[in-house]
Amino acid sequence: MQSKAPFPEFFDLIVVGAGHAGCEAAMASSRLGLATLLLTINVDRIGHLSCNPAIGGLAKGHMVKEIDALGGMMGLWADAAGIQFRILNTRKGPAVRSSRAQIDRAEYMRVVQQSIFAQDKLWVFQDTADEVLTDNGRACGVRTQLGEVIRSRAVLLTTGTFLKGLIHVGLDHFSGGRLGDPASSSLSDNLRSLGLELGRLKTGTTPRLLKSSIDFDKMEVQPGDDPPKPFSFRNTSVPMPQVPCYLTYTNPEAHEAIRSGFDRSPMFTGVIEGTGARYCPSIEDKVARFPEKDRHQIFVEPEGLDHPEMYPSGIPTSLPFDVQKKMVAAIVGLENAQIVRPGYAIEYDFAHPTQLRPTLETKVLPGLYLAGQINGTSGYEEAAAQGLWAALNVVCAHQGREPFLLLRDQAYMAVLVDDLVTKGTLEPYRMFTSRAEHRLLLREGNADERLTPVGRDLGLVDDDQWRLFSVKQERMQAVLAAMQAIRIRPDAANREIMESIGAVVPGKAVELAALLRQPQVSIQSLAVFYPALAGMDDDVLAEAETQIRYEGYLKKQEDLVAKSRLLEDVLLPAETDYASVSGLTREVVEKLTSVQPLTLGQASRISGVTPAAISCLEIDLKKRGLL
């Protein structure tokens, strides 16, 4: 085994925090040749799934696929530790179908740590970052709790919920980054001193239950897909045994127990100041907001193959512990369930993301980047996408390349970053397919077609991944060409075959593509006319079928993209004095000055910037000879 080089005196990048953003960032930057330090409060928790041990879900699965297509790690790690895989929204169109996997918590940390510690040019150190150091107006390293001064060209903060984290269980509260880990108490004050404006957010988690105390026979079994479909385009199978999840529900008795604790709820008594997640509310919030509903779903999910705990997804809470026990005992199947760890809420500091450039570099301090929950997002996948995005921009800056900036029609992660830096957020931001105006173009199945060439150009996609991608694309193009070239005549023999596969028999000869556009005809059933289909991989067939079946809709989306890119191509000079632009209101001037949009397209998405304001900007650019 080759030994790693000695601990450097100077790093190209220091990544603070070893959650999903930090691990993805550290792997990308080191793989691309940057000497990288991963600085973490607890080495044992590298890659820890702080909340539900699951990856993916609606729109989130799209981002995992995009990370993988670029050459990132999350999809590979999830495949290695996944114990139940499911495709969600299978009854809906391909644009909104998303992958999700239940993960073995311990195995995921093992495979992540194995990658981190084996990676060349990546070093790990356990300590707390107390201060970002500066030199000549740039970030130049960190000072740690132990007093260590570590120098670097750039610093990436991926601190999750650790900045002045405060844990709440009922009216009791105490400092912590998550249950069992200390908070970071000094860094927030340092960031404020550097000129960053911080806010306060809140998230929560469920009580964890002892598996052996649950009566699963009273619950509905929720099996995964068979066979399981991996996240990574580089995998064809997954190694872990697959297990079911279980479904139960809250009920009026449980709701009554929850209401009995409202007077001691930190959320309802004003103890919690941070804004919670709109789309992942606590169970007490759901009961208070929807009194007409007499039950809410609870998916009881394993924390691992051999893990003694189960995760009851759907009942995150910060109610007093005695109320949590009453609530759980009222739920079918959980009557005798033992709570191993209480549910809790956690408040933490975040930086308003409009203070970031589209590269995720802070505007006030060049060389300082932020990624993950520190930017106001929620979710592992949003964090990992930002970690990769920021790391790639650090690499591009280091190499003197143009920044890594995807457009909203290229990736969900681009929608995520653009929303954050352009619109900001006052509550934990969660990705949904509805946030993407061009979501038909941003399918899971074509994430590699959209992004693998980009990852290859950056150097993150290796030869093996590129070979797999190239073979897939060649096969898909062959299928698409054949489906247009092969024409079928409605003679007696073919008529019988068409009727057997459920096709409406046409009145004249048609291409196979025309038959496939009939909703009841699948591409696999056309193998009788085109035998090569029988030997094609499912992912090739699925993507070819989508492109043929939705050809008209895809063309309309592409036409809209072409029009919108006219604005995206118009650059706004960084030195623009918006107060001098004729016709702009004071509100618009303030917002444009604050966000500093790179293009007219980005300016048009800022809340309050009207089409009339965009016209004023266009006129000003023409006067200055810039348009």
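Residues numbered from 1 in each chain as written. Predicted model: local features only at pLDDT ≥ 70, side-chain atom pairs only at ≥ 80, totals over all residues. Heavy atoms only, no water.

## So, the side chain of Ser265
Along the chain, Ser265 turns up in the loop between helix 6 (252-259) and helix 7 (283-289). Residue class for Ser265 comes out buried when judged on its relative accessible area of 0%. Leave out the neighbours within four places in its chain, and Ser265 touches Leu171, Glu284 and Leu319. (Helix = DSSP H or I, 4+ residues; strand = E, 2+ residues; numbered from the N terminus. Buried < 20%, exposed > 50% of the residue type's maximum accessible area, 1.4 Å probe, protein only. Contact = heavy atoms within 4.5 Å.)

## A short note on the nonpolar core
Formed by 98 residues in total, the largest nonpolar core has its most connected members in Ile55, Tyr108, Leu157, Leu191 and Leu368. Of the residues forming this core, the biggest block, twelve residues, is contributed by helix 9 (residues 380-399). When neighbours within four sequence positions are excluded, Leu191 is seen to be in contact with Val132, Leu157, Leu163, Leu196, Leu368 and Ile374. (Core = buried A, V, L, I, M, F, W, Y, C linked by side-chain atoms within 4.5 Å.)

## Quick word on unusual backbone geometry
In the segment running from Asp226 into Pro227, the intervening peptide bond is cis, with an omega of 5°. In this structure, Pro227 sits in the loop between strand 14 (220-222) and strand 15 (245-249). At Lys164, a residue that is not glycine, the phi angle is positive and equals roughly 50°. One can find Lys164 in the loop between strand 9 (149-157) and strand 10 (166-169). By relative accessible area, Lys164 is classed as partly exposed at 29%.

## Comments concerning the packing of aromatic side chains
Counted according to the given criterion, the structure contains ten aromatic pairs. The interplanar angle of 75° and the centroid separation of 5.3 Å between the aromatic rings of Phe7 and Phe11 together place this pair among those described as edge-to-face. Judged by relative accessible area, which is 0%, Phe11 ranks as buried. Three or more aromatic residues link up through ring pairs in this structure, and these residues are Phe7, Phe11, Trp123 and Phe125. (Phe/Tyr/Trp six-rings, centres within 6.5 Å; stacked < 30°, edge-to-face > 60°.)

## Details of the sheet that holds strand 3 (residues 54-56)
Across the sheet, which stays open at both edges, the three strands sit in the order 3-5-4 with antiparallel pairing between neighbours. Each having just a single partner strand, strand 3 and strand 4 (82-88) make up the two edges of the open sheet. Within the sheet, the average angular offset between the axes of one strand and its neighbour, ignoring direction, is 20°. As defined by bridge partners, strand 3 adjoins strand 5 (residues 98-103) across three bridges and the pair is classed as antiparallel. Counted as the bridge partner of Ile55 is Ala101 from strand 5. Docked against the sheet, helix 2 (residues 60-69) engages strand 3 and strand 5, running at close to 80° with respect to strand 3. (Pairing = 2+ DSSP bridges. Axes fitted to C-alpha atoms, helices over the stretch in contact; angles between N-to-C directions.)

## Topic: the sheet that holds strand 12 (residues 198-205)
Sheet strands line up and pair through hydrogen bonds in the backbone, either parallel or antiparallel. Spatially, 11-10-19-12 is the arrangement adopted by the four strands of the open sheet, whose pairing is antiparallel. Both outer strands of the open sheet, strand 11 (172-175) and strand 12, are each paired with one neighbouring strand and no more. Pairwise comparison of adjacent strand axes, ignoring direction, gives a mean angle of 25° for this sheet. Bridging between strand 10 and strand 11 involves four bridges; their strand directions are antiparallel. Its bridge partner lying in strand 11, Leu166 is registered against Ser175.

## Side note on the environment of Thr205
By the element assignment, Thr205 lies in strand 12. Residue Thr205 is classed as buried on the basis of its relative accessible area of 3%. Expressed as a C-alpha distance, the spacing of Thr205 and Ser282, which sit 77 residues apart in the sequence, is 8.1 Å.

## Points about the packing of helix 2 against helix 11 (residues 447-458)
With their axes 8 Å apart at the nearest point, helix 2 and helix 11 run at an angle of 35° to one another. Between helix 2 and helix 11 the crossing geometry is right-handed. Contacts from Lys65, Glu66 and Ala69 of helix 2 reach helix 11 at Ala447, Asp448, Arg450, Leu451 and Thr452. Per-class residue counts for the contact of helix 2 with helix 11 are three nonpolar, one polar and four charged. (Left-handed = near helix turned anticlockwise from the far one by under 90°. Nonpolar A, V, L, I, M, F, W, Y, C, P; charged D, E, K, R; others polar.)

Keep in mind that these numbers describe shape and distance, not what the molecule does.
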